[in-house]
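What follows is each chain in one-letter form.
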Amino acid sequence: MSTVSEDLPTMEIKAKLIPIYVMGKKYEVPETLTIMKAIEYAGYKYIRGCGCRGGVCGACSTVYRKPGDHKIYTGLACQTVVEPDMYLTQIPFYPALRATYNFHEMTGTAEEVFALYPELFRCVACNNCTKVCPMDVEVMDYISALKRGDLKAAAEISFDCIQCGLCASRCMGELPQYHIAQLARRLNGAYLTPRAEHLKTMVANIETGRYDAGLNGLKEMDVAQLKKVYQEREMEPATAGEDWTPKDKSYL
């Protein structure tokens, strides 16, 4: 617990209060807060399911409207700053069909995706999914890639998807885009991406105990010794090329 000396001057920080509406009820909150913090300021307490609060888990999807604007806006509550008179509600989970499959029995073909998600071809290219994505993922583009059978392109385009489900909530064809994209990424990673030879070598080195002596030596050091070893280590130069290796190659 930190304490503040009574001798130090205190500073009062003021922020303008603005009205927002949470599930239809009006609250006055500081204009500098994110939606998530504003909801807490209004008196709500998150018991569970608020997510990472860092903009990467997709658990705090929010739908809101602005006064006099017909458009529905979306965003992540932990990242979106409040605006005056916004009407908002949370969508922590959106129900969408998720296919069941034995991944280890798959081979990484587009036909497997088509069989599990035939609704893929109900896409009418309205692009609502892309417009609603809080991560600016080109959702319609990866759906189009999948329809062409290009799993690799779909995996790359959907890489930043955080599984919030907002795309499915706005889809006219009722596709579970984020589930389909997740399957594409898994198939691409497991069956289509070449295996890294250096990774295979490293795993073999670990299994044969090549690094055991070095690790055990570090465990036996006290804090002062660890700091000394760390500070005196050979560091990779900022301008080093991809082929740089340390002089001591004992643990490569």
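Student: Explain a nonpolar patch on the surface to me, using residue names and the numbers behind them.
Tutor: On the surface, Leu215, Leu218, Leu226 and Val229 cluster together into a nonpolar patch covering about 310 Å² of accessible area. For the nonpolar patch, the secondary-structure elements that each account for two or more residues are helix 9 (212-220) and helix 10 (223-231). When you line up the elements, Leu226 lands in helix 10.

Student: Help me get a handle on unusual backbone geometry, residues and values and all.
Tutor: Among all residues save glycine, negative phi is the norm, and among peptide bonds the norm is trans. The phi dihedral of Arg53 is positive, around 65°, even though this residue is not glycine. Secondary-structure assignment places Arg53 in the loop between helix 1 (35-41) and strand 3 (61-65). What makes Arg53 partly exposed here is its relative accessible area of 36%. If you check the backbone angles, Ala125 has positive phi at about 60° while not being a glycine. Position of Ala125 relative to the elements: it lies in the loop between helix 2 (110-116) and helix 3 (128-132). Judged by relative accessible area, Ala125 falls into the partly exposed class, the value being 48%.

Student: Residue-level account of the pattern of salt bridges, with values.
Tutor: Overall, the coordinates contain five salt bridges when judged by the stated rule. In this structure, Glu197 engages Lys200 in a salt bridge whose closest nitrogen and oxygen atoms are separated by 3.8 Å. One end of the pair, Glu197, and the other, Lys200, are both in helix 8 (residues 197-207), three residues apart, so they sit about a helical turn from each other. Taking the shortest distance from any N to any O, the salt bridge between Glu232 and Lys228 comes out at 3.1 Å. You can call Glu232 exposed: its relative accessible area is 55%. Its relative accessible area of 47% is what places Lys228 among the partly exposed residues.

Student: Go over the packing of aromatic side chains with me, naming the residues and quoting the values.
Tutor: In this description, a pair of aromatic rings is defined by centroid distance and the angle of the planes. Taken as a whole, this structure holds five aromatic pairs when the rule is applied. Here the aromatic rings of Tyr64 and Tyr73 are separated by 5.7 Å at their centres, their planes lie at 15°, and the arrangement is stacked. Both residues of the pair, Tyr64 and Tyr73, belong to the buried class. Taking the centre distance of 5.4 Å and the plane angle of 35° together, the rings of Phe103 and Tyr191 count as tilted. Here the residue Phe103 occupies a position in the loop between strand 5 (86-90) and helix 2, and Tyr191 occupies one in helix 7 (residues 177-192), the gap between them amounting to 88 residues. The cationic tip of Lys66 hangs over the ring face of Tyr73; the distance from NZ or CZ to the ring centre is 4.3 Å. The ring of Tyr230 has Arg233 lying over it, and the distance from NZ or CZ to the ring centre is 3.8 Å.

Student: Residues and numbers for the nonpolar core, please.
Tutor: Within the largest apolar cluster, 30 residues are counted, with the highest numbers of intra-cluster contacts made by Val139, Tyr142, Leu146 and Leu187. When residues no more than four places from it in sequence are discounted, the contact partners of Leu146 are Phe114, Leu120, Leu151, Ala154, Ile180 and Ala184. Core analysis: the second largest hydrophobic core is formed by 25 residues, Tyr27, Cys60, Tyr73 and Leu166 among them.

Student: A description of helix 7 should follow, citing residues and the corresponding values.
Tutor: Regarding helix 7, the residues found buried are Gln177, Tyr178, His179, Ile180, Ala181, Gln182, Leu183, Ala184, Leu187 and Asn188. Those residues of helix 7 hidden inside the fold are in contact with helix 2, helix 3, helix 4 (139-147), helix 5 (151-157) and helix 6 (166-169).

Student: So what about the environment of Asp222? Which residues, and what values?
Tutor: Inspection of the secondary structure puts Asp222 in the loop between helix 9 and helix 10. Judged by its relative accessible area of 42%, Asp222 is partly exposed. With 116 residues separating them in the primary sequence, Asp222 and Met106 have C-alpha atoms 50 Å apart. Within the structure, Asp222 has its side chain in polar contact with the backbone nitrogen of Gln225 (distance 2.8 Å).

Student: Describe the sheet that holds strand 5, with residues and values.
Tutor: Here we have five strands laid out as an open sheet, ordered 2-1-5-3-4, and mixed in their pairing. Only two strands of the sheet have a single neighbouring strand rather than two, namely strand 2 (25-30) and strand 4 (73-76). On average, each strand axis in the sheet is tilted by 35° relative to the strand beside it, whichever way the strands run.

Student: With reference to specific residues and values, describe the domain arrangement of the protein.
Tutor: By domain assignment, the protein separates into domain 1 (17-88) and domain 2 (103-192). In this complex, domain 1 contributes 10 residues to the contact, which on the side of domain 2 involves seven residues. The contact between domain 1 and domain 2 buries some 630 Å² in all, and 66% of this surface belongs to carbon and sulfur atoms. Of all residues in domain 1, the largest losses of buried area upon contact with domain 2 belong to Ser61, Thr74 and Leu76, amounting jointly to 49% of the total for that side. Taken together, domain 1 and domain 2 are joined by zero salt bridges. Where the side of domain 1 that touches domain 2 is concerned, the elements lending two or more residues are strand 3 and strand 4. Counting residues per element, the side of domain 1 that touches domain 2 draws most heavily on strand 4, at three residues.

About the thresholds
- Residue numbers run consecutively from 1 along every chain, following the written order of its sequence.
- With pLDDT at 70 or above as the cut-off, local features in this predicted model cover only qualifying residues; side-chain atom pairs require 80 or more to be listed or tallied, and sums for whole chains, interfaces and linings still use all residues.
- Hydrogens and water are ignored here; the side-chain numbers use all heavy atoms of the structure.
- Surface patches are drawn from residues lacking salt bridges whose relative accessible area is over 30%; two like charges belong together within 9 Å, two nonpolar side chains (Val, Leu, Ile, Met, Phe, Trp, Tyr) within 5 Å.
- Residue exposure ignores everything except the shown protein chains as possible cover, and the areas themselves are Shrake-Rupley values with a 1.4 Å probe.
- Salt bridges are defined as contacts in which a side-chain nitrogen from Lys or Arg sits within 4 Å of a carboxyl oxygen from Asp or Glu.
- Secondary structure is summarised from DSSP: a helix means a run of H or I of at least four residues, a strand means a run of E of at least two, and numbering begins at the N terminus for each.
- The buried label goes to any residue with under 20% of its type's maximum accessible area, the exposed label to any with over 50%, and the partly exposed label to all in between, with areas taken from a 1.4 Å probe on protein chains only.
- Ring pairs shown here join Phe, Tyr and Trp side chains whose ring centres sit within 6.5 Å, with only the six-membered ring taken for Trp; geometry is labelled stacked below 30 degrees between planes, edge-to-face above 60, and tilted in between.
- Charge-over-ring placement is defined geometrically: NZ (Lys) or CZ (Arg) within 6 Å of the ring centre, and within 35 degrees of the ring normal.
- Throughout, nonpolar core names a set of buried Ala, Val, Leu, Ile, Met, Phe, Trp, Tyr and Cys residues whose side chains join them through atoms within 4.5 Å.
- Every residue pair with non-hydrogen atoms within 4.5 Å of one another is taken to be in contact.
- The definition of a polar contact used here is a pair of N or O atoms within 3.5 Å, where within protein one atom must be able to donate a hydrogen and the other to accept one, and adjacent residues in sequence count solely through side-chain atom pairs.
- When DSSP locates at least two bridges between a pair of strands, those strands are taken to pair.
- Axis definition: a line fitted to C-alpha atoms, limited for helices to the stretch in contact. Angles are taken between N-to-C directions and run from 0 to 180 degrees.
- Those domain boundaries reflect an automatic or database domain assignment.
- By buried area we mean how much accessible surface two parts lose on assembly, using a 1.4 Å probe and totalling the loss over both.

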